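Residues per chain, in single letters:
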Amino acid sequence: MIQRIQTIFLFLATVFAGILFFSPLFSFNYGEELMKLTILGVENANDALQFSGLYTLPLLITTILAIVIPFFTIFKFKKRELQLKLSSLNIFLNAIICGLVFLYYASNVEVKINPETVHYMFGTYIPLINIVLSVLAMRWIKKDIDLLKSVDRLR
C-alpha cells in the first residue's frame, strides 16, 4: 500500500536529495572572492582553481542514485524485504556522500587552496537528514513485515 508512513519518509528523502542540487555544500574565501562548492562544481571559480564538473563527478553520481533509489523504493510496496534492502543501500549512499564532502572535498580545498575560512552550509547536512529519514522508513517497513508475520501465524 502506497499510503503508508514509510512512503512519506522515502518521499522526503527523495525531495531532500533533490534539494542537494540547488544548495551549496560549503563556501570558502579565496582572496577576495566567495566561492561555493555545489554538486556540479565550484561557483565563482576563476582559472587559478582546478575545480570542474569532472572533479565532482563521484559526488554527482552518488547524489543521483540517492534521488532515484528512495523514489524507486516507494513503488516496491509489495516487496517489503526489497524495500528494506534498498533503504539500507540509500543509507550507505548518503554515508558515501558525507564521506566525500567531509573527508575528500573539504580537506582538498583546505590543503590545495588554503582558504581563509570554510563555512559548511545546509547542503552539507542533507545526507545526514536522509540517513535519519531512511532509518525511520526502515523501522516502519520492519513493523509492516512483523505485522504480516503475526497475521500469518494466526491463520
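Here is what the cut-offs are and how they apply
Residues numbered from 1 in each chain as written. Predicted model: local features only at pLDDT ≥ 70, side-chain atom pairs only at ≥ 80, totals over all residues. Heavy atoms only, no water. Salt bridge = Lys/Arg side-chain N within 4 Å of Asp/Glu carboxyl O. Helix = DSSP H or I, 4+ residues; strand = E, 2+ residues; numbered from the N terminus. Pairing = 2+ DSSP bridges. Axes fitted to C-alpha atoms, helices over the stretch in contact; angles between N-to-C directions. Expected span 1.5 Å × (residues − 1). Buried < 20%, exposed > 50% of the residue type's maximum accessible area, 1.4 Å probe, protein only. Contact = heavy atoms within 4.5 Å. Core = buried A, V, L, I, M, F, W, Y, C linked by side-chain atoms within 4.5 Å.

## Details of the pattern of salt bridges
Within this structure, the stated rule accounts for two salt bridges. A salt bridge links Arg4 to Asp144; the nearest nitrogen and oxygen atoms lie 2.7 Å apart. In this pair, Arg4 is assigned in the segment before α1 (5-19) and Asp144 in helix α4 (residues 122-154), connecting sequence segments 140 residues apart.

## Considering the sheet that holds strand β1 (residues 26-30)
Taking strand neighbours across the sheet as the criterion, the four strands line up as β3-β2-β1-β4 in an open arrangement whose pairing is antiparallel. Here the strands that pair on one side only, and so sit at the sheet edges, are β3 (41-43) and β4 (118-120). Along the sheet, successive strands turn relative to each other by an average axial angle of 25°, direction set aside. One ladder, built from three bridges, connects strand β2 (residues 33-38) with β3; its direction is antiparallel.

## What to know about helix α2 (residues 57-74)
Helix length check: α2, at 18 residues, gives a terminal C-alpha distance of 26 Å against a target of 26 Å (1.5 Å per residue), a fit within 8%. When α2 is considered as a whole, its buried residues turn out to be Leu59, Leu60, Thr62, Thr63, Ala66, Ile69, Pro70, Thr73 and Ile74.

## Description of the side chain of Ser87
Positionally, Ser87 belongs in helix α3 (residues 80-112). Taking the relative accessible area as the measure of exposure, Ser87 reaches 1% and is therefore buried. Beyond its immediate stretch of four places on either side in the chain, Ser87 contacts Leu10, Thr73, Ser134, Met138 and Ile141.

## Details of the nonpolar core
Counting 18 residues, the largest nonpolar core has Leu25, Phe26 and Leu59 as the members making the most contacts within it. Secondary-structure elements contributing two or more residues to this core are β1, β2, α2 and α3. At five residues, the largest contribution of residues to this core is made by α3. Counting residues in each nonpolar core, the second largest holds six residues, with Leu10, Ile74, Leu133 and Ala137 among its members.

## Details of the pairing of β1
Alignment of β1 against β2, held across five bridges, turns out to be antiparallel. Bridged to Tyr30 within β2 is Glu33. Two strands pair when backbone bridges link them, and β1 and β4 are joined in this way by three bridges, in the antiparallel orientation. Opposite Phe26, over in β4, you have Tyr120 as the bridge partner.

Purely geometric numbers; function is a separate question.
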